[in-house]
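Coordinate inspection notes
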Amino acid sequence: MTSATEAGAPPAPASPKSRKSVTGTRRTVAVLFLLPALVLLGALVVYPIGYSLVRSFYNQSGDGFAGFDNYKALFTDDGIRTALKNNVIWVVFAPTISTALGLIFAVLTERIRWGTAFKLLVFMPMAISMLAAGIIFRLVYDQDPDKGFANAVWVGVHDTFAQSSSFPKAHPGRNSPLVAQGGGFITKATVHTGGTVTLPLVGVAPDQMPSDAKKAVAPQADPGRITGTTWQDFTRGKGVGTLGGVDPSELGYPGMKIEAVKDGKVVETVKAGDDGTFSFSEKANGAQLRLPASNFREAYNGVDWLGPSLVTPSIIGSYIWMWAGFAMVLIAAGLAGIPRELLEAARVDGASEWQVFRRVTVPLLAPVLAVVTVTLMINVLKIFDLVYIIAPGSSQDDANVLALELYRKGFSEDQPGIASAISVFLLLLVIPVVWFNIRRLRREVRR
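These lines cover the structure that appears in this document, whether it is placed above or below. (Residues numbered from 1 in each chain as written. Predicted model: local features only at pLDDT ≥ 70, side-chain atom pairs only at ≥ 80, totals over all residues. Heavy atoms only, no water.)

With that settled, the discussion passes to a positive patch on the surface. Judged by side-chain charge, Arg439, Arg442, Arg443 and Arg446 come together as a positively charged surface patch. With respect to the secondary-structure elements, arginine 439 resides in helix α13 (residues 416–446). Note on arginine 439: relative accessible area 40%, which makes it partly exposed. (Patch = residues over 30% accessible without salt bridge, like charges linked within 9 Å, V, L, I, M, F, W, Y side chains within 5 Å. Areas by Shrake-Rupley, 256 points an atom, 1.4 Å probe, with all protein chains shown as cover. Salt bridge = Lys/Arg side-chain N within 4 Å of Asp/Glu carboxyl O. Lys, Arg positive; Asp, Glu negative; His and termini not counted. Charge placed at Lys NZ, Arg CZ, Asp CG, Glu CD. Helix = DSSP H or I, 4+ residues; strand = E, 2+ residues; numbered from the N terminus. Buried < 20%, exposed > 50% of the residue type's maximum accessible area, 1.4 Å probe, protein only.)

As a further point, take the sheet that holds strand β8 (residues 288–291). As summarised here, the arrangement of the five strands in space is β1-β2-β8-β5-β6, forming an open sheet in which the pairing is antiparallel. Since the sheet does not close on itself, it has two edges, and those belong to β1 (178–181) and β6 (265–271), each with one partner. Neighbour-to-neighbour, the strand axes of this sheet turn through a mean angle of 30 degrees, independent of strand direction. In the sheet, strand β5 (residues 257–262) pairs with β8 via three bridges, with the strands oriented antiparallel. Looking across to β8, one finds that alanine 260 is bridged to leucine 289. (Pairing = 2+ DSSP bridges. Axes fitted to C-alpha atoms, helices over the stretch in contact; angles between N-to-C directions.)

The subject of this paragraph is the nonpolar core. Core analysis: the biggest nonpolar cluster contains 48 residues, and Trp90, Tyr141, Ile315, Tyr319 and Leu386 have the highest contact counts within it. Taken together, the elements giving at least two residues each to this core come down to α3 (78–109), α5 (130–140), α7 (311–336), α8 (340–348), α9 (353–364), α10 (366–381) and α11 (385–390). Considering every element that reaches this core, the biggest residue donor is α7, with 14 residues. In this structure isoleucine 315 touches Trp90, Leu386, Val387, Ile390, Ala391 and Ala399, once residues within four positions along its chain are discounted. Of all hydrophobic cores here, the second largest spans 25 residues; its members include Ala170, Met209, Val270 and Ala272. (Core = buried A, V, L, I, M, F, W, Y, C linked by side-chain atoms within 4.5 Å. Contact = heavy atoms within 4.5 Å.)

For the rest of this paragraph, the subject is α5. Buried residues of α5: Met130, Ala133, Gly134, Phe137 and Val140, and no others. All buried residues of α5 lie within an arc of 120 degrees about the axis, which places them on one face of the element. The exposed residues of α5 that point more than 90 degrees off its buried face are Leu131 and Leu139. Tucked into the core, α5 has its buried residues touching α6 (149–161), α7, α10 and α11. (Arc of directions from axis to C-beta.)

On strand β2 (residues 184–187), burial covers both faces: Gly184 and Ile186 on one face and Phe185 and Thr187 on the other are all buried. Pairing analysis gives four bridges linking β1 to β2, with the strands arranged antiparallel. Of the residues in β2, the one forming a bridge with leucine 178 is threonine 187. Where β1 folds back on β2, the antiparallel hairpin that results is connected by two residues, among which glycine 182 adopts a positive phi of roughly 55 degrees. In terms of strand pairing, β2 meets β8 through two bridges, oriented antiparallel. Across the sheet, residue phenylalanine 185 finds its bridge partner in β8, namely leucine 291.

Scanning all chains against the criterion turns up eleven salt bridges. A salt bridge links glutamate 259 to lysine 257; its shortest N-O distance comes to 3.9 Å. Among the residues examined, glutamate 259 registers a relative accessible area of 8% and is labelled buried. Residues arginine 347 and glutamate 353 are paired through a salt bridge, measuring 2.8 Å at the closest nitrogen-oxygen approach. Judged by relative accessible area, which is 40%, glutamate 353 ranks as partly exposed. Each of Asp77, Glu405, Lys409 and Glu413 takes part in one network of salt bridges that share partners.

A separate point is the side chain of serine 395. Looking at the secondary structure, you find serine 395 in the loop between α11 and α12 (402–412). Take serine 395: its relative accessible area is 1%, and that puts it in the buried class. Ignoring sequence-local partners within four residues, the contact set of serine 395 consists of Leu306, Gly307, Pro308 and Val311.

Before going further, it helps to examine the packing of aromatic side chains. One pass over the full model with this rule turns up 23 aromatic pairs. Their ring planes at 45 degrees and their centres at 5.5 Å tell us that phenylalanine 57 and tyrosine 71 sit as a pair that is tilted. Residue phenylalanine 57 is found in the loop between α1 (27–55) and α2 (69–76), and its partner tyrosine 71 is found in helix α2; the two are separated by 14 residues along the sequence. Classification of tyrosine 71 as buried rests on a relative accessible area of 16%. Their ring planes at 75 degrees and their centres at 5.6 Å tell us that tyrosine 388 and tyrosine 407 sit as a pair that is edge-to-face. Within this pair, whereas tyrosine 388 is found in helix α11, its partner tyrosine 407 is found in helix α12, the two being separated by 19 residues in sequence. What makes tyrosine 388 partly exposed here is its relative accessible area of 37%. Judged by its relative accessible area of 30%, tyrosine 407 is partly exposed. (Phe/Tyr/Trp six-rings, centres within 6.5 Å; stacked < 30°, edge-to-face > 60°.)

Take a look at the structure:
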């Protein structure tokens, strides 16, 4: 009888024990190579997660079972609730804005000549550590316009349209003819044509006087007009100078605004010269002279970027500065893979550039946009460095996030049970995002 093999039938498949891997590597060898990685994974990931989970059910000392008390604190402790609220703000805005900016940069750099150089500049902050970026932006957001870049720009723009006064600390001295009124000062008596008036002030430090201030000149009577001088009535040295009189070393108040007021109405307004002198016409006869409050307005000091109300948006801004380049590079890579025929076909059909972008480019980039957004969401859930470094001590509670609160509870306040509960809670927040990403990757592989 002829056997099945001799008759041309295919040979029986090898038994599972004799089956080899595609690369020819034995399973034992493969396991030995994987073993160090598995040991490290277990020691650095699995064990800490398990220990934190167990520790989260114990009290502060670690020798008593606390049940779910530590998890209840997540929703009753004011600091943790603030951190949770800020984490929600981070997750909603930081990835969205970073991805949107990355998309805009990626699309626009395709159309400019120096697109590669621009991409390099935008991506460069990714090379900076979080620590260095935090220090940079702590200086950028400094309240002092002479130190903080943000306030230097903001104050410069503000002063362009609403210039601040050079004399915020000026005020009348002893035996002054001026009295306070509505933030400014007004003369006690009325003035008359042909007479002179002196308006002495003190309170401005010599080094704070305007650079264009000249030595004050005593007023000279002028028939038909009212003349006067406003100046810094102060001379260094004990017993030096005449109170209420213009001395040789004293400076005038250049640009000081002076109003003539009759029956509560301003009839004439003048500004003092560099030497402090001014002159009114006959319209001011019988009026009182007023130095309005605008002369003494405090210098605009900018925005309190790191104050309680703006600290979180400010730190998110620094994060976007760092990660918008990351989003741009990934989106640009996806953009390069879009068939140009589809874009050209849409233009030939009469679509505008905005329609091409909205109805063709963005839908085709949806998988890449999802990758970028999910990656950034995972990243911001564990944000710590920027918040810890940028937020000053006075507003760190307002900028608090879960990772920072975990650190504070575990190391500053010695509450390891609550810290462990926060870490487990953070893990639970990350798992759905990671699961979504894995499902999306599997769908991509099936395609």
